[in-house]
Amino acid sequence: MTTGGRVAVRRLEYRALLPAVLTRDISPAGAAEEPPAPRSARDWAVDIIFFALAVLAGLTLYAQTIEVNPDAPPGLRLADLASGLVACVALWWRRRWPATITIALTPLGAVSTSMGVAALILLFSTAVHRRLPVAAAVAGIFWLPNLVYPLVWPEPGFPYLASVALGTAMTVGVTGWGMFVRARRQLVFSWRERAALAEDTRHRQVADARRAERARIAREMHDVLGHRLTLLGLHAGALEYRPDAPPEQIAQAAGVVRASAQEALRDLRQVIGVLRTDDAGTDGEMPLVAAPTLADIPGLVDESRRAGIPVRAHYQLTEPHTATTSTAHAGYRTVQEGLTNARKHAPDATVKVLVDGAAASGLHIEIRNRLPAGRPGSAGPADGAHRRGTGLVGLTERVRLAGGALEHGVTADDEFRLYAWLPWDAQQAGAASGTSVAPAAYRRQFAGRLGAPAADAADVADAAREKGVASERRGTAEKDTAVQRGTAVDKGTAVQRGTAVERDTAVKVEKDTAGRDAG
């Protein structure tokens, strides 16, 4: 798994026996090189052993050199011991700055015998912790004092060239040994990195699967609950608009409201049940509700008709049971979304549903409805009531995933048109993959079989009915205005009459009072 941009390593059993470089978390690719991790128990043990070995070996070599060269100057002896001490102390920082320390102490190797083992350990650390070009360059610099050391500390009976050859062999051998250790560590590190990244990839795949499942659930909730709730809102609005309707109609509308609410609650419970299931959708899609088929489309249309929406449907399906499950599901949701949009944006318009499908031409679905009154015919699909919303976005994605294509917009006849083509089988899906519109051959077959919707007598009647509904509403509004105006006039007249009566009464009372006073 990842923590803060790093790939965490699974817990190791023998962590104390491994170098710290192999136990730290794996930095992501491209991250800056970090300082070495704190020493592990194994690192402390190795450092103590190397320090003790360098001190003991340095003192032993110094004693042998002084025994061979008893006439060495005191200053040279002091410089030899001081160089050895500095090299041994520097071993404690050999992992952090191996190349820098080795290069800095290399000149001392020309006059010091006691630092020989410490210098070789520093060269070995450079080969282990640095890349090949750096290690090779440091080794070349490290070799140069071999040309001077035999002249400063000559050894009787051992030729100069032999001493240089021995120094060269030791330099090459230690460098090669360090490179071998580095190669093994890199191999182990690559195995750890692959395992950690594989685990991280698995976690990401699980997270992606969960996000995809949640998106699928959201689309399903929109399709199912949106359809139910629009029916509920439509009938509730009718009850509010016509409180004086006959009891039979009120009871029927209330029954539809109750049934729609129950069905919406049932679908919501199923969706929430999937969300509460652990690891839902990680190993495959779980059906949220019973997958609808093409045979369920007439029932969907009848449900809209019972809700009071005028729907003219035309079906021409050849062996609908042979269509793939994804095609049937997407086709059903396309019709459902089209009817839902028509109810929300043009409740008084007649909806025309054309469903044509066969194995040779694929599944064609076309839904049309006239635009609401007062809407300009030149308006595009991105304006007004038919603005592209999340429903059409989700439906487009659903149709695309099924291998089909979706089109929607306003026609020249002031109609909103929703058209979808879906492949009947996997072969058609492969032929249409990568396209945003239905294949031309299938579109021609659809046009030839159904043709463009013409303005027949039914269409003219529907248009007249819609205009009549609009005129009736305008007339009702005008009547209400006239009634309100008449009421205001009546009230004004009554007030005026009342004022006149009061005035007459006051005059009469004054006259009577004056007569009594005169008498």
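Nothing here was measured: the structure is a model prediction, and the numbers come from that model.

Caption draft 1: Spatial organisation of the overall build of the chain. When you go through the chain residue by residue, the secondary structure sums to 14 helices and seven strands. Counting only residues that meet the buried cut, the chain has 36% of its 519 residues in that class. Counted over contacts in the chain with a minimum sequence separation of 6, partners at least 24 positions apart contribute 71%. Accessible area of the chain: about 29400 Å², with a carbon and sulfur share of 61%.

Caption draft 2: Seen up close, the packing of helix α9 (residues 297-306) against helix α10 (residues 325-345). Between α9 and α10, the least distance of the axes is 10 Å, while the angle of their chain directions is 10°. On the basis of their axis angle, the class for α9 and α10 is roughly parallel. Here Ile297, Leu300, Val301 and Ser304 of α9 come into contact with α10, specifically with Gly331, Tyr332, Val335, Gln336, Leu339 and Arg343. Split by residue class, the contact of α9 with α10 holds six nonpolar, three polar and one charged.

Caption draft 3: Main features of the pairing of strand β3 (residues 311-317). Looking at chain direction, β3 and strand β4 (residues 351-358) are connected through seven bridges and run parallel. Across the sheet, Arg312 pairs through a bridge with Lys352, a residue of β4. For the segment spanning β3, α10 and β4, crossover handedness is left-handed.

Caption draft 4: Fine view of the nonpolar core. In this structure, Val335, Leu339, Val351 and Val353 are the most contacted members of the largest nonpolar core, which totals 30 residues. Looking at this core, the elements that each hand over two or more residues are α9, α10, β4, β5 (362-370), α11 (390-401) and β7 (415-422). Tallying contributions element by element places α10 first for this core, with six residues. In this view, Leu339 contacts Leu300, Val301, Ser304, Val311, Val351 and Val353; residues no more than four positions away in its chain are not counted. One finds Leu105, Phe124, Val138 and Val181 within the second-largest nonpolar core, a separate group that totals 24 residues.

Caption draft 5: Representation of the environment of Ala137. Residue placement: Ala137 occurs in helix α5 (residues 132-143). Ala137 gets classed as partly exposed once you look at its relative accessible area, which sits at 43%. Between the alpha carbons of Ala137 and Ile103 there is a distance of 9.8 Å; along the sequence they are 34 residues apart.

Caption draft 6: How the structure looks around the sheet that holds β5. Spatial ordering of the open sheet is given by β3-β4-β5-β7-β6, a layout of five strands whose pairing is mixed. The sheet is open, and its two borders are formed by β3 and β6 (405-410), each paired with just one other strand. Each adjacent strand pair in this sheet contributes to an overall mean axis angle of 5°, direction not counted. Sitting on the sheet, α9 touches β3 and β4, and the angle it makes with β3 is about 175°. On the sheet, α10 packs against β3, β4, β5 and β7 and is oriented at approximately 0° with respect to β5.

Caption draft 7: Structural context of the pattern of salt bridges. Summed over all chains, the structure comprises 13 salt bridges. Across the pair Asp47 and Arg39 runs a salt bridge whose closest N-O atoms are separated by 2.6 Å. A relative accessible area of 4% means that Asp47 is categorised as buried. A residue is classified by how much of its surface remains accessible, and Arg39, at 31% relative accessible area, is partly exposed. Note that Arg95 is salt-bridged to Asp47, the shortest N-O span being 2.6 Å. Separated by 48 residues along the polypeptide, Arg95 in the loop between α2 (74-90) and α3 (98-105) and Asp47 in helix α1 (residues 41-68) bring together distant segments of the chain. Like Asp47, Arg95 is buried.

Caption draft 8: Expanded view of unusual backbone geometry. Phi is positive for Glu319, close to 50°, though the residue is something other than glycine. Residue position: Glu319 is located in the loop between β3 and α10. Its identity is not glycine, yet Asp414 carries a phi of approximately 60°, on the positive side. By secondary structure assignment, the location of Asp414 is in the loop between β6 and β7. By relative accessible area, Asp414 is classed as partly exposed at 29%.

Caption draft 9: Looking closely at the confidence of the model for the chain. Of all residues in the chain, 67% attain a pLDDT of 70 or more, and the chain-wide mean is 75. Note on residues 28-33: pLDDT under 50 across the span, and two contacts to partners over four residues away in sequence or across chains. Segment residues 448-463: pLDDT under 50, and 22 contacts once partners within four positions in sequence are set aside and those in other chains are kept.

Caption draft 10: Structural view of the packing of α1 against helix α4 (residues 116-129). At a minimum axis separation of 7 Å, α1 and α4 run at an interaxial angle of 140°. Facing α1, whose interface residues are Phe50, Leu53, Ala54, Ala57 and Leu61, α4 presents Val117, Ala118 and Ile121. The residue makeup of the contact of α1 with α4, split by class, is eight nonpolar, no polar and no charged.

Caption draft 11: Expanded view of the pairing of β4. Among the eight residues that make up β4, eight are buried, leaving the element largely enclosed by the rest of the structure. Burial along β4 is two-sided: the face carrying Val351, Val353, Val355 and Gly357 and the face carrying Lys352, Leu354, Asp356 and Ala358 are both buried.

Rules used throughout
Residues numbered from 1 in each chain as written. Predicted model: local features only at pLDDT ≥ 70, side-chain atom pairs only at ≥ 80, totals over all residues. Heavy atoms only, no water. Helix = DSSP H or I, 4+ residues; strand = E, 2+ residues; numbered from the N terminus. Buried < 20%, exposed > 50% of the residue type's maximum accessible area, 1.4 Å probe, protein only. Contact = heavy atoms within 4.5 Å. Areas by Shrake-Rupley, 256 points an atom, 1.4 Å probe, with all protein chains shown as cover. Axes fitted to C-alpha atoms, helices over the stretch in contact; angles between N-to-C directions. Parallel < 35°, antiparallel > 145°, perpendicular 65-115°, else oblique. Nonpolar A, V, L, I, M, F, W, Y, C, P; charged D, E, K, R; others polar. Pairing = 2+ DSSP bridges. Right-handed = clockwise from strand over helix to strand, strands pointing away. Core = buried A, V, L, I, M, F, W, Y, C linked by side-chain atoms within 4.5 Å. Salt bridge = Lys/Arg side-chain N within 4 Å of Asp/Glu carboxyl O. pLDDT = per-residue confidence, 0-100.

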